Amino acid sequence: MDFDLGESANALRGELRELIREQVPADFLGAFTDDPADLAVAQQFCRTLAQRQLLCMSWPKEFGGGDASVWEQTVVREEMWAHHEPRGAQYMGVNWVGPIIMRHGTPEQQRKHLPPIANGEVIWCQGFSEPEAGSDLASLRTSARRDGDGWRINGQKIWTSYATMAQWCFLLARTSKGEKKQQGMTIFLVPMDDPAITVRPIRTMMGPHHLNEVFFDELKVTEADVLGTVDQGWSIVQDVVSFERVGIARYARCERLLQAAPDVLGDAWEELPAELRGRWARMLTHCRRARLMAYRVVAMQATGRVNPGDAAAYRIAVTRLDQDSAEVLMEIAAVLPRGDGEYFRAEVEDHWRYSQASTVSSGSIEMQRILLSRTMLAGARA
Ligand SMILES: Cc1cc2nc3c(=O)[nH]c(=O)nc-3n(C[C@H](O)[C@H](O)[C@H](O)COP(=O)(O)OP(=O)(O)OC[C@H]3O[C@@H](n4cnc5c(N)ncnc54)[C@H](O)[C@@H]3O)c2cc1C
């Protein structure tokens, strides 16, 4: 199987690795730590990528992008995730908020929101899940009622990543009661600095900033903050999840850590049980498989609509890979003598903690399996 994306993509990969070496501290483990310097690294790195037209490479020039191919953007995605995402939370704006506003936003919304994302200046959060509406998102209760020339929003969101640092929220609220519960929902683009919004962090083993509760108490928004058509938000949600589910190139970090292991262990590598080395080799094969499934979805995104079953199949493969490779890497790192390979050990430990949530975030693995089965059965019937 040939995974080579071509000469320009290879050159871009080299350029990105060089930039990371120059601008990201050698012991960086992501932007979301107790040390504000890590967040500052990410903010500066986003600006640097933006100045070089590397942040939103595949966006059209009119929206501040570089008109590059989706394959070049895929290289950016892979290199960033492989190196602990030095764009910080910005990856969400680049991966799905921007593309969705391009598809569904008014010209005014595009002018207002796209340049700040392309310039690496703004962080978005996603206000979908609620305490009683996660897998069953259409049961959400946060409501928006008409009030004069705008809307009043009340309710609560939960598990909202990066809400403490976000300037904007991509919010789903109920605006009417439809025949089906998927009807009557609307997307609002909401500024997070409004005093009617309260954010409460949730402590988790993933560290600070990741998860939060967000409360809306009579938040006033205008008609200009509605994305798409009132009551038709569910179709935008479907578009969001198909972008979101292939947005993170998890296989790239797994592959980099697995490939680094023999060098980090040195002579100790040969002493590992053959069974463990066998599992290590199998994980590398799984990395290739997940990469191929991601490329299938990226190719579809480039030409039109993504089949939700393909996005679900990739998501199942890559989240299993994330967790299974984390287990193998933990066993390998345990062999390292104290004082050797400390950064590798920290990377593996970070990867393990983060991977535990991967089969829940962006829709649980059980729901992905249901989605995949449904699309396969529908295909078999057609
Ligand atoms: C790290 C992380 C980041 C997140 N970031 C965000 C964010 O930024 N914005 C946001 O809106 N949300 C976010 N979420 C929330 C995420 O989308 C939900 O956690 C997810 O959709 C599951 O919903 P839930 O937690 O309510 O679990 P539930 O829906 O209560 O599910 C609990 C369990 O029951 C299973 N289950 C539920 N229904 C069925 C069924 N019909 N058949 C079979 N099994 C079922 C599920 O698979 C799961 O195992 C994040 C979650 C995590 C872990």
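Residues numbered from 1 in each chain as written. Predicted model: local features only at pLDDT ≥ 70, side-chain atom pairs only at ≥ 80, totals over all residues. Heavy atoms only, no water.

- The protein is annotated in an unreviewed UniProt entry as Acyl-CoA dehydrogenase from Mycolicibacterium wolinskyi.
- Word for word, the UniProt comment on the protein under Sequence similarities (unreviewed entry) is "Belongs to the acyl-CoA dehydrogenase family."
- Regarding the protein, the UniProt comment filed under Cofactor (unreviewed entry) reads as follows: "FAD". (UniProt positions renumbered as here; feature names shortened; annotations may be inferred.)

1. Considering helix α7 (residues 250-265)
Turning to step 1, where the next piece is worked out: With 16 residues, α7 extends 23 Å between its outermost C-alpha atoms, agreeing within 8% with the 22 Å of an ideal straight helix rising 1.5 Å per residue.
Turning to step 2, where the next piece is worked out: Those residues of α7 hidden inside the fold are in contact with α3 (70-82), α8 (268-271), α9 (274-303), α10 (308-333) and α11 (342-355). (Helix = DSSP H or I, 4+ residues; strand = E, 2+ residues; numbered from the N terminus. Expected span 1.5 Å × (residues − 1). Contact = heavy atoms within 4.5 Å.)

2. Points about the UniProt feature "domain: Acyl-CoA dehydrogenase/oxidase N-terminal" (unreviewed entry) in the protein
Turning to step 1, where the next piece is worked out: According to UniProt, the feature "domain: Acyl-CoA dehydrogenase/oxidase N-terminal" (unreviewed entry) maps to residues 8-121 in the numbering used here.
Turning to step 2, where the next piece is worked out: Structurally, residues 8-121 comprises 63% helix and 0% strand, and the distance from its first C-alpha atom to its last is 27 Å.

3. Here's the deal with the site of the ligand
Turning to step 1, where the next piece is worked out: Residues in contact with the ligand amount to 18 residues; listed here are only the nearest, Ser129, Ser135, Trp159, Ser364 and Glu366.
Turning to step 2, where the next piece is worked out: The contact in question runs from a nitrogen atom of the ligand to an N or O atom on the backbone of glutamine 126, over 2.7 Å.
Turning to step 3, where the next piece is worked out: Between an oxygen atom of the ligand and a main-chain N or O atom of serine 129, the distance comes to 2.7 Å.
Turning to step 4, where the next piece is worked out: Isolated, the ligand exposes 970 Å² of accessible area, and the fraction of that covered by the protein chains is 65%.
Turning to step 5, where the next piece is worked out: For the shell around the ligand, the leading source of residues is helix α12 (residues 365-381), giving three residues.
Turning to step 6, where the next piece is worked out: Considered class by class, the residues forming the shell around the ligand number eight nonpolar, nine polar and one charged.
Turning to step 7, where the next piece is worked out: Composition of the shell around the ligand by domain shows at least three residues from each of domain 2 (125-231) and domain 3 (248-380). (Near = heavy atom within 4 Å. Polar contact = N/O pair within 3.5 Å; in protein donor to acceptor, adjacent residues only side chain to side chain. Areas by Shrake-Rupley, 256 points an atom, 1.4 Å probe, with all protein chains shown as cover. Nonpolar A, V, L, I, M, F, W, Y, C, P; charged D, E, K, R; others polar. Domains from an automatic or database assignment.)

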